[in-house]
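Next come the chains, spelled out residue by residue.
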Amino acid sequence: MGNDMGNIREDDLGIKNYKIYQDFDAYSFTSDSIRLSKFVNCKNKDTILELCAGCGIVSIHKFAENEQNLDKGRGKFFLIELQKALFDVLEKNINVNNLQDVFVPINDDLKNTFQYVKKATFDVVICNPPYEKESAGFKKKNQSDMIARAEITTNFNEIAKVAGSALKYGGAFYFICKSERLFEISNILNENGMKIKVVHFVLGKNRFRLALVKAVLGANDGVEFSVHSDCGNVDN
């Protein structure tokens, strides 16, 4: 049950005592964030970078579900978010869940990522990127929501460049995108040294609405395809 505090609401994450705050004036996450979290595969000593982190739901949910394994290692989550309103909620979520020793929040543009972290040091990069191109005429309730959902302040070219530079050789980039953009995105990944290895299509209204994608830096050709239509566990 939610606890309303103005436009910021606290909800139970549904895992142990974890909480999650959202700012409904800025951007509220959807079930796609949970799908992505469940899709990500990370080990206890992995170092993880989340781009376009928003309120931190993907990484916090991932950690909450795997707390016993991840907490035993020396791994760490670095989360970068440009929008100050969302970053403030991200910090709040880290603090309320006592994750200060594991999570490092960064409030800056993706272009400046390597002012804070070193290249080629991450085992996993995660991103729930803006789905829509800026030119698509996509309209939402406010500018913050537009930035989160459309390629206004960043685009997949920039995201892939950062991901490819951040990953160790053999590291994995997990993200979600519109299925209709998969061919375009595959070409962008290839240009940045990554190849798609796993695609799980999300079925919605009798069509493949979205694709959960795992790409690997330096991988050989060969892709595994599957389809699912719920938020259950996804093997990858």
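The structure contained in this document is the topic of the report that follows. These numbers were taken from a predicted model, which means no experiment stands behind them.

Quick notes on the nonpolar core
Here is step 1: The biggest cluster of nonpolar side chains holds 40 residues, and the ones touching the most others in it are Leu36, Ile57, Phe63, Phe77 and Phe103.
Here is step 2: In terms of residue count, the dominant contributor to this core is helix α2 (residues 57–65) (five residues).
Here is step 3: Here Phe103 is in contact with Ser59, Ile60, Phe63, Phe77, Leu79 and Ile94, once residues within four sequence places are set aside.
Here is step 4: Listed in part, the 32 residues of the second largest apolar core include Leu51, Ile106, Leu110 and Ile196.

Quick notes on the pairing of strand β2 (residues 8–12)
Here is step 1: Examined bridge by bridge, β2 and strand β3 (residues 19–23) share five bridges and lie antiparallel to one another. Bridging across to β3, Glu10 finds its partner in Tyr21.
Here is step 2: What sits between the antiparallel neighbours β2 and β3 is a turn of six residues, in which Gly14 has the positive phi angle 85 degrees.

Remarks on the pattern of salt bridges
Here is step 1: Under the defined criterion, the tally for this structure stands at 13 salt bridges.
Here is step 2: Between Lys38 and Glu65 there is a salt bridge whose closest N-O contact spans 2.9 Å. You can see Lys38 sitting in helix α1 (residues 31–39) and its partner Glu65 sitting in helix α2, a full 27 residues away along the chain.
Here is step 3: Accessibility expressed as a relative area gives 17% for Lys38, which makes it buried.
Here is step 4: Salt bridges here are not isolated pairs; linked through shared partners, they connect Asp32, Arg35 and Arg209.

Details of the pairing of strand β6 (residues 103–107)
Here is step 1: One ladder, built from five bridges, connects strand β5 (residues 76–81) with β6; its direction is parallel. Paired with Leu79 across the strands is Pro105, a residue of β6.
Here is step 2: Regarding topology, helix α4 (residues 84–96) serves as the crossover connection from β5 to the parallel β6, and that connection is right-handed.

Focus on the side chain of Asn128
Here is step 1: Its location among the elements puts Asn128 in the loop between β7 (122–127) and β8 (132–133).
Here is step 2: Side chain to side chain, Asn128 and Ser33 meet in a polar contact 3.3 Å long.
Here is step 3: Here Asn128 is in contact with Ser33, Leu36, Leu51, Cys52 and Ile176, once residues within four sequence places are set aside.

Side note on α4
Here is step 1: With 13 residues, α4 extends 18 Å between its outermost C-alpha atoms, agreeing within 8% with the 18 Å of an ideal straight helix rising 1.5 Å per residue.
Here is step 2: The set of residues buried in α4 consists of Leu86, Phe87, Val89, Leu90, Asn93 and Ile94. Down the axis of α4, the smallest arc covering the buried residues is 160 degrees, so these residues share one side.
Here is step 3: Each element contacted by the buried residues of α4 is listed here: β2, β3, α2, β5 and β6.
Here is step 4: Just beyond α4, the residue with positive phi is Asn98, at close to 55 degrees.

Points about the packing of aromatic side chains
Here is step 1: Scanning the entire structure with this criterion turns up 10 aromatic pairs.
Here is step 2: Ring centres of Phe201 and Phe208 lie 4.8 Å apart, and the angle between their planes is 15 degrees; this geometry places the pair in the stacked category.
Here is step 3: Using a relative accessible area of 40% as the deciding quantity, one classes Phe208 as partly exposed.
Here is step 4: Pairwise contacts between aromatic rings join Phe63, Phe77 and Phe103 into one cluster.
Here is step 5: Here Lys92 stacks its cationic end above the ring of Tyr21, 4.8 Å away from the centre of that ring.
Here is step 6: Stacked on the ring of Phe114, the Lys or Arg Lys119 has its end atom at 5.4 Å from the ring centre.

Side note on the environment of Pro129
Here is step 1: Among the secondary structure elements, Pro129 is positioned in the loop between β7 and β8.
Here is step 2: Taking the relative accessible area as the measure of exposure, Pro129 reaches 5% and is therefore buried.
Here is step 3: Expressed as a C-alpha distance, the spacing of Pro129 and Cys177, which sit 48 residues apart in the sequence, is 7.3 Å.

A word on the environment of Ile57
Here is step 1: Positionally, Ile57 belongs in helix α2.
Here is step 2: Residue classification places Ile57 among the buried residues on the basis of a relative accessible area of 3%.
Here is step 3: As for Ile57 and Ser37, which are separated by 20 residues in sequence, their C-alpha atoms are 8.3 Å apart.
Here is step 4: When near neighbours in sequence (up to four residues on either side) are disregarded, Ile57 contacts Leu13, Ile20, Phe29, Ser33 and Ile34.

Topic: unusual backbone geometry
Here is step 1: Unlike most non-glycine residues, Asn98 shows phi in positive territory, near 55 degrees.
Here is step 2: Note on placement: Asn98 falls in the loop between α4 and β6.
Here is step 3: Using a relative accessible area of 63% as the deciding quantity, one classes Asn98 as exposed.
Here is step 4: Phi is positive for Ala120, close to 55 degrees, though the residue is something other than glycine.
Here is step 5: You can see Ala120 is positioned in the loop between β6 and β7.

Conventions adopted
Residues numbered from 1 in each chain as written. Predicted model: local features only at pLDDT ≥ 70, side-chain atom pairs only at ≥ 80, totals over all residues. Heavy atoms only, no water. Core = buried A, V, L, I, M, F, W, Y, C linked by side-chain atoms within 4.5 Å. Buried < 20%, exposed > 50% of the residue type's maximum accessible area, 1.4 Å probe, protein only. Helix = DSSP H or I, 4+ residues; strand = E, 2+ residues; numbered from the N terminus. Contact = heavy atoms within 4.5 Å. Pairing = 2+ DSSP bridges. Salt bridge = Lys/Arg side-chain N within 4 Å of Asp/Glu carboxyl O. Right-handed = clockwise from strand over helix to strand, strands pointing away. Polar contact = N/O pair within 3.5 Å; in protein donor to acceptor, adjacent residues only side chain to side chain. Expected span 1.5 Å × (residues − 1). Arc of directions from axis to C-beta. Phe/Tyr/Trp six-rings, centres within 6.5 Å; stacked < 30°, edge-to-face > 60°. Lys NZ or Arg CZ within 6 Å of the ring centre and 35° of its normal.

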